Amino acid sequence: MTEIIDGNAVAQSIRDDLVASIDRLVDAGQRPSLATVLMSEDPASETYVSMKQDDCEEVGIEAIDIDIDPDADAAELYDTIEDLNADEDVNGILVQMPVPDHVEDRSVLRAIDPMKDVDGFHPENVGRLVAGDARYKPCTPHGIQKLIESAGVNTEGKDAVVVGRSDIVGKPMANLLIQKAPGGNATTTVCHSRTENLAERTRNADILVAAAGVPEMIDGEMIQEGATVIDVGINRVDADTEKGYELVGDVEYESAKEVAGAITPVPGGVGPMTRAMLLYNTVKATGLQHDIDVDL
Ligand code: NDP
């Protein structure tokens, strides 16, 4: 029987566990707070930001919502980040990507105080992750680690294959999988658009993480019998639905489910975990900034 890994349920248990840590911080006079900065009118980005704010409020994290006109000068964004860096009442800062073309995204990530960088994308935090001394693990790969753990799968000594090498998913995922630590110790292969014989590699995976952003590119024939399959992709494809589209992953779910030992659905797999781990990092950041043990 294939196990369907329920991301909503695992995310809920993470949020439940965070409540005790948040209570501890509130008792010490430090309610955690997350500032989201949106410099875009893209409906998807607006939705992501508003979901993150709702998530915060649900668990008792203060959400600070900052909108910047996408036509404004880049300096306005940098000034905002500087103010948030200096504000002791702000524990986490998230700038929703993508920013407009006239703003250089790498400079934006570098401008955020690494202690408040709850996305974990600042070079200092990336460096710490690679060095095996992570401060804030990036939310999506960290959430995937939790999903794999929740399925009772031990990564140690296993062959893991990550399809995708982006800075936000593929690379940090591979880094976590090779760490000499729980949730790591896997022999890890990273594939990308130039990889030859992709199917040969994916078929070798005990643990397969698909993060390419290509609808249903991995089918059951590319999966090893019994493998743990984590589908990160969120792709809109035209469909005869009310909205005119539906969301599919990078994995062709129906055929993959026949072969996999455990698999995440889309939606309801990795997505909720990414959101939960942002809350986790915000709570962790508040504890670190005020030297309060939040037991995470
Ligand atoms: P990017 O577009 O930044 O990276 C995609 C990666 O996949 C690249 O490394 C690319 O290779 C590789 N790739 C593309 N096509 C192929 C192919 N045919 N074969 C092998 N590799 C390929 O995407 P992201 O990492 O940001 O996101 C990936 C997917 O995950 C998207 O669908 C996104 O929406 C989703 N996502 C979901 C999240 C969640 O919470 N569930 C969070 C973040 C992302 P190359 O480097 O050579 O171009």
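Please read these numbers as outputs of a predicted model, since none were measured by experiment. (Residues numbered from 1 in each chain as written. Predicted model: local features only at pLDDT ≥ 70, side-chain atom pairs only at ≥ 80, totals over all residues.)

(A) Quick peek at the UniProt feature "domain: Tetrahydrofolate dehydrogenase/cyclohydrolase NAD(P)-binding" (unreviewed entry) in the protein chain. What UniProt calls "domain: Tetrahydrofolate dehydrogenase/cyclohydrolase NAD(P)-binding" (unreviewed entry) maps, in this numbering, to residues 138-286. Helix makes up 34% of residues 138-286 and strand 19%, whereas the separation of the span's terminal C-alpha atoms amounts to 17 Å. (UniProt positions renumbered as here; feature names shortened; annotations may be inferred. Helix = DSSP H or I, 4+ residues; strand = E, 2+ residues; numbered from the N terminus.)

(B) Examining the site of the ligand more closely. Lining the immediate environment of the ligand, one finds 26 residues, of which G164, S166, S193, G213 and T274 sit closest. Residues of the shell around the ligand, tallied by class, amount to 12 nonpolar, 12 polar and two charged. (Near = placed C-beta within 6 Å. Nonpolar A, V, L, I, M, F, W, Y, C, P; charged D, E, K, R; others polar.)

(C) Fine view of helix α6 (residues 139-150). An ideal rise of 1.5 Å per residue puts 16 Å on 12 residues; α6 measures up with 16 Å between its terminal C-alpha atoms. Among the 12 residues that make up α6, 10 are buried, leaving the element largely enclosed by the rest of the structure. As for α6, its buried residues are in contact with α1 (7-27), α7 (170-178), β7 (207-210), β8 (228-231) and α10 (270-290). After α6 finishes, the residue G152 shows a positive phi value of roughly 75 degrees. (Expected span 1.5 Å × (residues − 1). Buried ≥ 20, exposed ≤ 12 C-beta atoms within 10 Å, placed from the backbone. Contact = placed C-beta atoms within 7 Å.)

(D) Representation of the confidence of the model for the protein chain. When pLDDT is averaged along the protein chain, the result is 98, and 100% of the positions lie at 70 or above. Prediction confidence for the complex, expressed as pTM and ipTM, is 0.98 and 0.99 respectively. (pLDDT = per-residue confidence, 0-100.)

(E) Geometry of the sheet that holds strand β3 (residues 62-67). Read across the sheet, three strands follow the order β3-β2-β4 without closing on themselves; strand pairing throughout is parallel. The open sheet is flanked by β3 and β4 (92-95), the only strands paired with a single partner. Strand-to-strand twist in this sheet, taken as the mean axis angle between neighbours without regard to direction, amounts to 20 degrees. Sheet topology note: the strand β2 (residues 33-38)/β4 ladder contains four bridges and is parallel. Bridge pairing links L34 to G92 in β4. (Pairing = 2+ DSSP bridges. Axes fitted to C-alpha atoms, helices over the stretch in contact; angles between N-to-C directions.)

(F) Structural context of the environment of V118. Within the fold, V118 resides in the loop between α4 (105-111) and α5 (123-130). Accessibility expressed as a C-beta count within 10 Å gives 28 for V118, which makes it buried.

(G) Representation of the packing of α1 against α6. Across the interface, α1 lies against α6 with an axial gap of 10 Å and an inter-helix angle of 105 degrees. By the criterion of interaxial angle, the relationship of α1 to α6 is roughly perpendicular. Within the contact between the two elements, α1 uses G7, V10 and I14 and α6 uses K146, L147 and S150. Partitioning the contact of α1 with α6 into residue classes produces three nonpolar, two polar and one charged. (Parallel < 35°, antiparallel > 145°, perpendicular 65-115°, else oblique.)

(H) Layout of the sheet that holds strand β6 (residues 187-191). The strand order across the open sheet built from six strands is β1-β11-β8-β7-β5-β6, with neighbouring strands paired in parallel fashion. Both outer strands of the open sheet, β1 (3-4) and β6, are each paired with one neighbouring strand and no more. Bridge count between strand β5 (residues 159-163) and β7: four bridges; the pairing is parallel. Each bridged residue has a counterpart across the sheet, and for V161 the counterpart in β7 is L208.

(I) Inspection of α10 at higher detail. The end-to-end C-alpha separation of α10 is 31 Å, in line with the 30 Å expected for 21 residues at 1.5 Å each. Buried residues dominate α10, accounting for 18 of its 21 residues.

(J) Just the pairing of β7, in detail. Burial along β7 is two-sided: I207 and V209 facing one way and L208 and A210 facing the other are all buried. Note that β7 and β8 share four bridges and pair parallel. Within β8, the position partnered with V209 by the bridge is I230.

(K) Spatial organisation of the domain arrangement of the protein chain. Domain annotation of the protein chain identifies domain 1 (29-116) and domain 2 (139-272). Computed from C-alpha atoms alone, the centre-to-centre distance between domain 1 and domain 2 is 28 Å. (Domains from an automatic or database assignment.)

(L) Fine view of the packing of α6 against α7. For the pair α6 and α7, interaxial distance at closest approach is 8 Å and the crossing angle is 40 degrees. In terms of axis orientation, α6 runs oblique to α7. The handedness of the crossing between α6 and α7 comes out as right-handed. Listed contacts from α7 to P141, I144 and Q145 of α6 are P172, M173 and L176. (Left-handed = near helix turned anticlockwise from the far one by under 90°.)

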